[in-house]
Amino acid sequence: MKPYQNEKSSKKKQVEKMFDSISLEYDKLNRLISAGNDVKWRENIYKIANPLNPIDILDIATGTADIALELSKIKDSKVTGLDISEKMLDVGRQKVADRNLNDKVVLISGDAENLNFSKNSFDLISIGFGVRNFQNLEKGISESFRVLRNGGTLIILETSVPQNRFIKFFYLLFSRTFIPLVGSVFSKDKKAYKYLQKSAEEFPSGKKFGQILKSCGFNSVEILPLMLGASSIYIAKKN
Ligand SMILES: C[S@@+](CC[C@H](N)C(=O)[O-])C[C@H]1O[C@@H](n2cnc3c(N)ncnc32)[C@H](O)[C@@H]1O
């Protein structure tokens, strides 16, 4: 699905426009919608990645760079954050500069579905809340597979829908009311929050996404549900 259903432009162009328009409020509203849990979820990525001792790290759909900053805590790591939204990157660049991390974290403009890197370039790739915004999910995942080194790991954090019917009922009640409400009260782009809620509901999460990762070449996929399944971390290995 696209953020602005009645516009003709591609999903990719609309996603870029949408994140440009909400870039300044993104961090605050993200915290509000997840009740602060998004911070812990990103820390989980660091906890999984750190023991793997990756040096060359790519954070795809880096946005305002929170995951890139987390991963820069790994000893000797060099982190490249990539995104299609220049305005999200601008917010991230300010955070990198504020923390004096310009020598460890570089943020660049780029498209997950056409990565400008040669094959086998990275030890670890992370994608947080990015994949459901891709125009072509399989193309984006296959590109990550291509630029990852043999033995490398792809860690994906994405929203998911709880499997338990009782929990799912309350999850849907909450997300269908609270997220659009936050958008209408705090943002001038209400459609963005409607899209963020609906795209989370429609994304093929859990085992279905695990299968997609395998179909793109990853040979083992571990799925870790977070907060009763409202989000999930996928750990996919290349060889
Ligand atoms: C919900 S934000 C997540 C940002 C960040 N990873 C985080 O954890 O907060 C999704 C990001 O994905 C980016 N994005 C969507 N499609 C992309 C693509 N094809 N290539 C690169 N970035 C993309 C958007 O511009 C946006 O900044």
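For the structure, check the block above.
Keep in mind that what you see is a predicted model, and the values were worked out from it rather than measured.

Things to note about helix 6 (residues 137-147)
Those residues of helix 6 not exposed but buried are Leu137, Gly140, Ile141, Glu143, Ser144 and Val147. The buried residues of helix 6 all sit within an arc of 155° when viewed along its axis, so they share a single face. Those residues of helix 6 hidden inside the fold are in contact with strand 1 (56-60), strand 4 (122-128), strand 5 (148-159) and helix 9 (207-215). Here helix 6 starts with a cap whose side-chain oxygen sits 3.3 Å from the backbone nitrogen of Glu138, and that cap is Asn136.

Here's the deal with the site of the ligand
Around the ligand sit 20 residues in total, of which Tyr26, Ala61, Asp83, Ala112 and Gly128 are the nearest. Between an oxygen atom of the ligand and a side-chain N or O atom of Tyr26, the distance comes to 2.7 Å. Expressed as a share of its isolated accessible area of 590 Å², the protein-covered part of the ligand is 99%. The class makeup of the residues in the shell around the ligand is 10 nonpolar, 6 polar and 4 charged.

Observations concerning the environment of Ser121
Residue position: Ser121 is located in the loop between strand 3 (105-109) and strand 4. Exposure remark for Ser121: the relative accessible area of 17% places this residue in the buried category. The residues touching Ser121, leaving out its near neighbours within four places in the chain, are Asp56, Val147 and Arg149.

Here we look at the side chain of Thr62
Within the secondary structure layout, Thr62 lies in the loop between strand 1 and helix 4 (66-71). A polar contact of 2.7 Å, which involves the side chain of Thr62, links it to the side chain of Asp59.

Thoughts on the pattern of salt bridges
Under the definition given, this model contains 19 salt bridges. Of the charged contacts in the structure, one is a salt bridge between Glu113 and Lys12, with a shortest N-O distance of 3.4 Å. Placement of Glu113 in the loop between strand 3 and strand 4 and of Lys12 in helix 1 (residues 11-22) is noted, with a sequence separation of 101 residues between them. Because the salt bridges share partners, they merge into one network encompassing Asp27, Arg31, Asp38, Arg42, Asp66 and Lys95.

Definitions and limits used
- Residues numbered from 1 in each chain as written.
- Predicted model: local features only at pLDDT ≥ 70, side-chain atom pairs only at ≥ 80, totals over all residues.
- Heavy atoms only, no water.
- Buried < 20%, exposed > 50% of the residue type's maximum accessible area, 1.4 Å probe, protein only.
- Helix = DSSP H or I, 4+ residues; strand = E, 2+ residues; numbered from the N terminus.
- Arc of directions from axis to C-beta.
- Contact = heavy atoms within 4.5 Å.
- Polar contact = N/O pair within 3.5 Å; in protein donor to acceptor, adjacent residues only side chain to side chain.
- Near = heavy atom within 4 Å.
- Areas by Shrake-Rupley, 256 points an atom, 1.4 Å probe, with all protein chains shown as cover.
- Nonpolar A, V, L, I, M, F, W, Y, C, P; charged D, E, K, R; others polar.
- Salt bridge = Lys/Arg side-chain N within 4 Å of Asp/Glu carboxyl O.

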